[in-house]
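So the chains spell out like this:
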Amino acid sequence: MSKLSPMMQQYLNIKAAHKDHVLFFRLGDFYEMFFDDAVNISKELELTLTGKDCGLPERAPMCGIPYHAAETYIKRLIDRGYKVAICEQTEDPAQAKGLVKRDVIRVITPGTLIEGDMLEDSKNNYIASFYVKGKAFAVCFADISTGEVYLTEQISTNLNNDMLNELSKFMPSEVLCHESFLKAKEIKDFLSNRLHAVCSFYEREGIDLSESESVVKQHFAVSGPEELGLAENGLAVLALGGLIQYLNQTQHDGAKRLSQIHFYNETQYMNIDITARRNLEITETIRTKEKRGTLLWVLDKTKTAMGKRLMRKSLEQPLINLAEITRRQNAVKELFEEDILRSDLQDQLSGVYDLERLMTRVVYGSANPRELRSLAATAGRLPAIKELTASFQCEMLKDIHEQIDLMEDIANLVDNSIVEEPPFNLKDGGYIKPGFNSDLDEYRSLCTNAKEIIKGIEESEREKTGIKGLKVKYNKVFGYYIEVTNSNLDMVPDTYIRKQTLTNCERYITQELKELETKVLTASEKILALENEIFHEVRKYIASRLDGIQRTAIAVSKLDFLCSLAFVAAQNNYVCPQIVPDGSLEIKNGRHPVVEQMLDGSVFVPNDTYLDQKDHRMAIITGPNMAGKSTYMRQVAILVIMAQIGSFVPASSAKLSIVDRIFTRVGASDDLAAGQSTFMVEMSEVAHILKHATPHSLVILDEIGRGTSTFDGMSIAKAVVEYMTNAKKLRCKTLFATHYHELTSLEDELEGVKNYNISVKKRGDDITFLRKIVPGGADDSFGIEVAKLAGIPEKVVERAKEILKELESENGVVRVIRESAPQDSQMTLMNYTSEIEEKLRQLQVDALTPLEALSLLYEWKKLIK
Ligand SMILES: Nc1ncnc2c1ncn2[C@@H]1O[C@H](COP(=O)(O)OP(=O)(O)OP(=O)(O)O)[C@@H](O)[C@H]1O
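Since the model is a prediction, treat every value here as computed from it, not as a measurement.

Here is what the cut-offs are and how they apply
- Residues numbered from 1 in each chain as written.
- Predicted model: local features only at pLDDT ≥ 70, side-chain atom pairs only at ≥ 80, totals over all residues.
- Heavy atoms only, no water.
- Pairing = 2+ DSSP bridges.
- Helix = DSSP H or I, 4+ residues; strand = E, 2+ residues; numbered from the N terminus.
- Axes fitted to C-alpha atoms, helices over the stretch in contact; angles between N-to-C directions.
- Phe/Tyr/Trp six-rings, centres within 6.5 Å; stacked < 30°, edge-to-face > 60°.
- Buried < 20%, exposed > 50% of the residue type's maximum accessible area, 1.4 Å probe, protein only.
- Near = heavy atom within 4 Å.
- Polar contact = N/O pair within 3.5 Å; in protein donor to acceptor, adjacent residues only side chain to side chain.
- Areas by Shrake-Rupley, 256 points an atom, 1.4 Å probe, with all protein chains shown as cover.
- Salt bridge = Lys/Arg side-chain N within 4 Å of Asp/Glu carboxyl O.
- Contact = heavy atoms within 4.5 Å.
- Domains from an automatic or database assignment.
- Expected span 1.5 Å × (residues − 1).
- Bend = angle between axes of the 7 residues up to and from the residue.
- UniProt positions renumbered as here; feature names shortened; annotations may be inferred.
- Parallel < 35°, antiparallel > 145°, perpendicular 65-115°, else oblique.
- Left-handed = near helix turned anticlockwise from the far one by under 90°.
- Nonpolar A, V, L, I, M, F, W, Y, C, P; charged D, E, K, R; others polar.

**Student:** Could you give an account of the sheet that holds strand β6 (residues 102–108), naming the residues involved and the relevant values?
**Tutor:** Spatially, the 6 strands line up as an open sheet ordered β3-β4-β2-β1-β5-β6, and their pairing is mixed. Only two strands of the sheet have a single neighbouring strand rather than two, namely β3 (50–52) and β6. Averaged over neighbouring strand pairs, the angle between their axes works out to 40 degrees when direction is ignored. Two strands pair when backbone bridges link them, and strand β2 (residues 30–34) and strand β4 (residues 60–66) are joined in this way by 5 bridges, in the antiparallel orientation. Opposite Met 33, over in β4, you have Cys 63 as the bridge partner.

**Student:** Can you tell me about the packing of aromatic side chains, naming the residues and giving the values?
**Tutor:** For the structure on display, the rule yields 18 aromatic pairs. Note on Tyr 11 and Phe 35: the rings are 6.3 Å apart at their centroids and 40 degrees apart in plane angle, and the pair reads as tilted. Of this pair, Tyr 11 sits in helix α1 (residues 6–16) while Phe 35 sits in helix α2 (residues 35–44); the two residues are 24 residues apart in sequence, bridging distant segments of the chain. Here Tyr 11 falls in the buried class, since its relative accessible area comes to 1%. Exposure remark for Phe 35: the relative accessible area of 23% places this residue in the partly exposed category. Ring geometry for Tyr 126 versus Phe 141: centroids 6.3 Å apart, planes at 75 degrees, classification edge-to-face. Taken together, the positions of Tyr 126 in the loop between β6 and β7 (127–133) and Phe 141 in strand β8 (residues 136–143) put the pair 15 residues apart, joining distant regions of the chain.

**Student:** Residue-level account of the site of the ligand, with values.
**Tutor:** Taken together, 16 residues lie around the ligand, and Val 605, Met 626, Lys 629, Ser 630 and Thr 631 are the ones closest in. In this structure, Asn 625 approaches the ligand through a side-chain N or O atom, which is 3.3 Å from an oxygen atom. Across the complex, the protein chains shield 77% of the 630 Å² of accessible surface that the ligand would expose by itself. With 3 residues, the single largest contributor to the shell around the ligand is helix α21 (residues 629–644).

**Student:** Mind laying out the pattern of salt bridges, listing which residues take part and the relevant values?
**Tutor:** Within the structure shown, the criterion is met by 33 salt bridges. The salt bridge involving Glu 458 is made with Arg 462; its shortest N-O contact spans 3.5 Å. Note that Glu 458 and Arg 462 are positioned in helix α17 (residues 438–465) at a spacing of 4 residues, about one turn of the helix. With a relative accessible area of 14%, Glu 458 lands in the buried category. Of the charged contacts in the structure, one is a salt bridge between Lys 588 and Glu 586, with a shortest N-O distance of 3.6 Å. Owing to a relative accessible area of 36%, Lys 588 belongs among the partly exposed residues under this scheme. Judged by its relative accessible area of 24%, Glu 586 falls in the partly exposed class. Through salt bridges that share partners, Glu 324, Arg 327, Glu 395 and Asp 399 make up one connected network.

**Student:** Lay out the environment of Cys 563 with the relevant residues and their values.
**Tutor:** Position of Cys 563 among the secondary structure elements: in helix α19 (residues 546–572). On the accessibility criterion, Cys 563 (0% relative accessible area) is buried. Taking C-alpha positions, Cys 563 is 9.7 Å from Glu 334, a pair spaced 229 residues apart along the chain. With residues up to four places along the chain from it excluded, the contact list for Cys 563 reads Leu 335, Arg 342, Leu 345, Gln 346 and Leu 349.

**Student:** An account of the domain arrangement of the protein is requested, with residue identities and associated values reported.
**Tutor:** Here the domain parsing of the protein yields domain 1 (6–108), domain 2 (120–266), domain 3 (300–407 + 545–572), domain 4 (438–535), domain 5 (578–789) and domain 6 (797–864). When each unit is reduced to the centre of its C-alpha atoms, the spacing between domain 1 and domain 5 is 56 Å.

**Student:** Hey, could you go over helix α14 (residues 369–388) for me, with residue numbers and the actual values?
**Tutor:** Taking 1.5 Å of rise per residue, 20 residues should cover 28 Å, and α14 covers 30 Å from first to last C-alpha, within 8% of that figure. Of all the bends found along α14, the most pronounced is centred on Leu 382 and spans about 30 degrees, while Pro 383, a proline, follows it within four residues. By the burial criterion, the buried members of α14 are Pro 369, Glu 371, Leu 372, Arg 373, Ser 374, Leu 375, Ala 376, Thr 378, Ala 379, Leu 382, Ile 385 and Leu 388. In this structure, the buried residues of α14 make contact with α12 (339–349), α13 (355–363), α16 (408–417), α18 (511–544) and α19.

**Student:** For the UniProt feature "binding site: ATP" (unreviewed entry) in the protein, give the residues involved together with the corresponding values.
**Tutor:** Using the residue numbers shown here, the UniProt feature "binding site: ATP" (unreviewed entry) corresponds to Gly 623, Pro 624, Asn 625, Met 626, Ala 627, Gly 628, Lys 629 and Ser 630. Counting through the fold element by element, Asn 625 comes out in the loop between β21 (618–622) and α21. Using a relative accessible area of 30% as the deciding quantity, one classes Asn 625 as partly exposed. Looking at the element boundaries, Ser 630 is found in helix α21. When its relative accessible area of 26% is taken as the criterion, Ser 630 is described as partly exposed.

**Student:** Explain the packing of α13 against α18 to me, and be specific about the residues and the numbers.
**Tutor:** Viewed as axis vectors pointing N to C, α13 and α18 meet at an angle of 125 degrees, and their least axial separation amounts to 9 Å. With respect to α18, the element α13 is oriented oblique. Taken as a pair, α13 and α18 cross one another with a handedness that is left-handed. In contact with Met 359, Val 362 and Val 363 of α13, α18 contributes Arg 539, Ile 542 and Ala 543. Residues belonging to the contact of α13 with α18 are distributed by class as follows: 5 nonpolar, no polar and 1 charged.

Right, dumping it as structure tokens:
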């Protein structure tokens, strides 16, 4: 009976423990995949599927990738949400009795990458773990490529929503949780469709959460969670402990790099819900998911990868603490005013490498000599940066100055020990500088002089034997040997030991040659070993300086972030907003920072805004399509966000109160993919806003009710406005753009509502957009004129005008006839109208699209005619 080969059995045993992973099984110069992995991955990576003898009658499906190209393939798999387990020989084949032992030496998942090539410089790569109990939840985010840990524990009345919202702040690429959580469809959809995160599970990874506290204590070398400020946060400790256990189990060096814990609560950062993040295009555009065209794109003029990550993080988490905002504002102000100093600083910063990620590789022992040179080059910039920051007056810049460690010891050590341009391939050595280690120098000189010595031996042997054609040569089989042609064989001395006979010559070795050979050969082996040893020592020393380097990295990233804000403010004529306590937002000549930069040649028209918690709580904004309503509303939210990260804002002046949450309901959502209708998405977003907005929130509503029939839509829109202005608890500041002109009557009916419109000028058939917001409602919607501008064929435009005229005159005629027609004609009209009334009664308005409503109007109009 045929039986599976021992190696295939070994493969299957290892695979059984890594069901969720693609197993990269190292065989010689290849990583091989077998069975289902081979079938799936050959398709995914477009590899040839072959077969391997496995002892059974059928060959095992197999595909493979070269060892040296593995990183590229792994990256492609990770980007597509796979997890990869790397399996290597864990026993020296020479020592093995029978089959060489193999095991998984590292699991690579989206959240555990540390390789520079696999990570985006400008983005943190978080792995999150969450834990829920009753009404409380805890989330822990860790970036093992930088060592940062963020922790929160909150009590919530809307658990799923708040927890998912929290998760979306950091956009983790991998989420660790209880498998049972994914039973809730809402959570599952969110993690896969919104976050695009890969899930890992406590249960399946064999994590014992009851051990969390001791895991945490051990990892941070503390006697209890209280030392980490987590005395009252049992759930957070569970989430953190679970995460550390997962990393310990899956990573070679475990969670070693995780060092800086930041505990935060919901009162620390502005809450921008995921819909608002997307709609406001803070870090990526809605359609193309790019950076260009976002607020991040405008503000990010940082010079270092660390600065870029901090800029992104700050935009994702604007502050709500006045003292913190003021601290940043003061620093930006000083850098704004000191423009020469700032420009010098930015020059220096452009030579600073990614200290955080370099140190991760140093700590994990994977940094190469080139990376140590990058550390030294960075250290070379630090004295100038420290000196340039010495004269600053504000607290934050002074702190930064204090925190910069000059890393002189590291610069000297690397400069003395590592060559300036270390080779890419370390196999042949050559990366330790001459003069650093005397033993190394001696071995090297022996190797370099070997040729000369051989030449000397050749000449002396020729002289000794009188054989003119005697040559000393080298090959891999005998090492060094003497070659004598057949005609001189009688002159060969007895001390020569014959090794090989060829057609024309004989080959010999001598005692002297062999001794030399041993010296030279061991010297080159010793060189490699010694270089490696020295390099490890240097790297170990640098790893021991982690704390100081980490502090410097944080200081430098802050400096870079602040310089960027000051630079952008100076370039674009921004002003420092005044933070006020009265709940109002007053902006003079505000501009949308992104649209302003995207306008090709034309000038952005600035606009004023005034909202407060009293008479100006809601601005109802009407105006034609394309007038600039959405731009205006987003601009207000974006200026608030800018102010709360400490930035200047595009305006001539701004007095802004701190906003706790920003909500938006803008346009169609991409939830259609998740199987919800546009209207459902719209309504659930509105419901969410009505439930969660507070008096300090800013709400942007762009045409709510558009996804249903006109009357339903208008009724909903009106009811929402009434609720928002009446409900005592709400009283948030709202900008509400609408095409339902009927809503403008609410200004007279409700306290706190003000009408505005974005003006246009009409000349004949043409309209000019003035882009200026003015008090009062719009008189016209100019839909047809805008359609013409958009390139709708002339014929259609003309026909639309006719229809519009008919509709308008129809309304007029009905009114006029009703008011003044004689009795009998009124009777006829009554008949028609009662028929229409009957039809209306039977009509299911909910089921109508605007288009169907329009065609019904035509039908009824025909009836009257
Ligand atoms: N203040 C402004 N100055 C200059 N150009 C502007 C201004 N505001 C908007 N625009 C330009 O007008 C375009 C349309 O603006 P926006 O989308 O805000 O209009 P809208 O009124 O919301 O339209 P719709 O009702 O059709 O959604 C923008 O893409 C921008 O190019």
